[in-house]
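If you want the building blocks of each chain, they are given just below.
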Amino acid sequence: MKCAIILAGGKGTRMKADCPKVMCKVLFKPMISYVIDAVREAGVEDICVITGYKHEEVEAYLDENIKTALQEPQLGTGHAVMQANDFIASHLGDEILILNGDGPLMDADTINKAYDYHRKNNNAVTLISAIVEDPTGIGHIKRDENGTLLRIVEHKDATDEEKLIKESNAGCYWFDGGELKYALENITNDNVQNEYYLTDSVEILLGAGKNAGAYVVENSEVVLGANDRKQLNDLNTIMRRNINNRLMLEGVDIPCTDGVMIGKDVKIGNSTVILPNTIIIGDTVVGDGCTLGPNTYIDNSKIGDGVILDNCKILDSTIENGVDCGPFVKVRANSTLGEKVHIGNFVEVKNSNVGAGTKSAHLTYIGDSDVGRDVNFGCGTVTCNYDGKNKTRCSIGDGAFIGCNTNLIAPVEVGDMAYIAAGSTITDDIPDKALSVARAKQVNKEGWVDRKKPFKNQK
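Let me begin by describing the structure that accompanies this report. (Residues numbered from 1 in each chain as written. Predicted model: local features only at pLDDT ≥ 70, side-chain atom pairs only at ≥ 80, totals over all residues. Heavy atoms only, no water.)

**What about helix α6 (residues 177-186)?**
Since one α-helical turn is 3.6 residues long, residues separated by three or four positions face the same way. When we look at burial in α6, the residues that qualify are Gly177, Glu179, Leu180, Ala183 and Leu184. End-on view of α6: buried residues confined to an arc of 155 degrees, all on one side of the axis. Among the residues of α6, the N-terminal cap falls to Asp176, whose side-chain oxygen and the backbone nitrogen of Gly178 are separated by 3.1 Å. (Buried < 20%, exposed > 50% of the residue type's maximum accessible area, 1.4 Å probe, protein only. Helix = DSSP H or I, 4+ residues; strand = E, 2+ residues; numbered from the N terminus. Arc of directions from axis to C-beta. Polar contact = N/O pair within 3.5 Å; in protein donor to acceptor, adjacent residues only side chain to side chain.)

Structure follows, in structure tokens:
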């Protein structure tokens, strides 16, 4: 059986963040979320997260199936793993994966290849390593002349010669559960930092006559983490590139990737075009043949086939096939736009169901409403859904015509094919096929300007 311990106790001082380091975001998701996803995709379900700085924030984010252990004070990686003693004791006969919560590029493929290497060589411990260009600050993998693993040397404790070694410890390990328990019982803090290094476990187990090895990754990017905002930006850049490349190979058209940011969980259909400065995140599914962007933001929404979204913001909503929105449109709070709905410039739809074929060309607010099919909204229409205390709904029937500058004072029902004259304020229900005119009678007072002289330059 496989299980995992994720180290997530760091403050991330150089990140200058108020949150724990693992809660800093890559493509709008905390780094630890990517690590958990990779672990689960690798077939590991029993997970223990070691928390520390502002542990309540991390614990609140984790789902109920993940165990936690608190490291306080924080005295190194070995000390962090020691806090999971009860978890380790329940897995003494299993293989235990240990990895950092701030390594969002680690993937299931690398985890499983390291596991296969670990099992094939009957290792007590297998670490994941990478060859890096700049060896500054890394944990150096020291081998003998035959390439056999000897130990891991932390950069701050390394000799000048050891600091030139470019094989880096990624901070990710597979341990035999019983051997991990033995190593933890023998780790000391006899080093410059007076901390308990998990890296010392390699030398301890080798000294006990056990097998230890290092699986060298094919792509060194998977082991990258972030200690400051610059490195966090680097992770965003790599993650964004990887996702965009994958989607393009799957048939999504991204003619220019400038400003295009797409979340890892987003699904996009064939021949959909993503234009610059478009952000798509959350549990979003996009159909085939859409054009999204430029300057469009979509979060946690379902987008049908053949949809056009130009300069739009779509939140927690469903956009059905053939819908055309934009520019400068906002759809939010569990709204649904039916097939072939047209929503034009400066229109907002909130918590509403809009029937197929309905059109609202410009400057309209549709809030808390149930709108039928083939309705026409004139410019400047407002559903007045809030009275200062309560929000209530409007109902508009199929084929209704709403004249320009109409106010619908909820709750109100407009019947099928009802016709509302421009400039009306509707407070009562309108029967099917009725004309409703709700405005004061026009009065012209001749000569009033000459008498009252209301204009600034008038003498």
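**Observations regarding unusual backbone geometry**
Omega for the peptide link from Gly326 to Pro327 comes to 0 degrees, which places this bond in the cis form. Within the secondary structure, Pro327 is located in the loop between β23 (324-325) and β24 (329-332). Put simply, Ala410 and Pro411 share a cis peptide bond, and its omega is 0 degrees. Tracing the sequence through the fold places Pro411 in the loop between β34 (407-409) and β35 (412-414). Although it is not a glycine, Lys54 adopts a positive phi angle of roughly 45 degrees.

**A look at the layout of surface pockets**
In this structure, the second largest pocket occupies an estimated 490 Å³ of space. Around the second largest pocket sit 23 residues that line it, and Leu105, Met106, Asp107, Val222 and Asn242 are the ones nearest its centre. Looking at the lining of the second largest pocket, the elements with two or more residues in it are α1 (31-41), α5 (108-120) and α8 (229-249). Of the residues assigned to the lining of the second largest pocket, the class counts are 12 nonpolar, three polar and eight charged. (1 Å grid on protein atoms, 1.4 Å probe; cavity = no way out; pocket = protein on both sides within 12 Å on 5 of 7 lines; lining within 4 Å. Points joined across faces, edges and corners; volume = space filled by probe spheres on them. Nonpolar A, V, L, I, M, F, W, Y, C, P; charged D, E, K, R; others polar.)

**Topic: the pattern of salt bridges**
Applying the stated criterion across every chain yields a total of 23 salt bridges. Here Asp368 makes a salt bridge to Lys350, at a shortest N to O gap of 2.8 Å. Placement of Asp368 in the loop between β28 (359-367) and β29 (369-371) and of Lys350 in strand β26 (residues 342-350) is noted, with a sequence separation of 18 residues between them. Owing to a relative accessible area of 8%, Lys350 belongs among the buried residues under this scheme. Where Arg393 meets Asp370, a salt bridge forms, and the shortest distance between an N and an O atom there is 3.1 Å. One end of the pair, Arg393, is in the loop between β31 (382-384) and β32 (394-396); the other, Asp370, is in strand β29, and 23 residues separate them in sequence. Of the residues examined, Asp370 reaches a relative accessible area of 31% and is grouped as partly exposed. One network of salt bridges, with partners in common, ties together Lys142, Arg151, Glu162 and Glu203. (Salt bridge = Lys/Arg side-chain N within 4 Å of Asp/Glu carboxyl O.)

**Section: α5**
Between its first and last C-alpha atoms α5 spans 18 Å; for 13 residues at 1.5 Å apiece the expected length is 18 Å, and the two agree. Close packing links the buried residues of α5 with β1 (2-8), α1, β6 (95-100), β7 (125-131), β10 (167-176) and β11 (212-216). Directly beyond the C-terminal end of α5, a positive phi value near 50 degrees is found at Asn122. (Expected span 1.5 Å × (residues − 1). Contact = heavy atoms within 4.5 Å.)

**What to know about the state of the cysteines**
Overall, the coordinates contain zero disulfides when judged by the stated rule. Here Cys172 is not cross-linked by a disulfide; its sulfur's nearest cysteine counterpart is in Cys3, at 13 Å. Distance from the sulfur of Cys312, which forms no disulfide, to the nearest cysteine sulfur (Cys325) is 5.0 Å. (Disulfide = S-S within 2.5 Å.)

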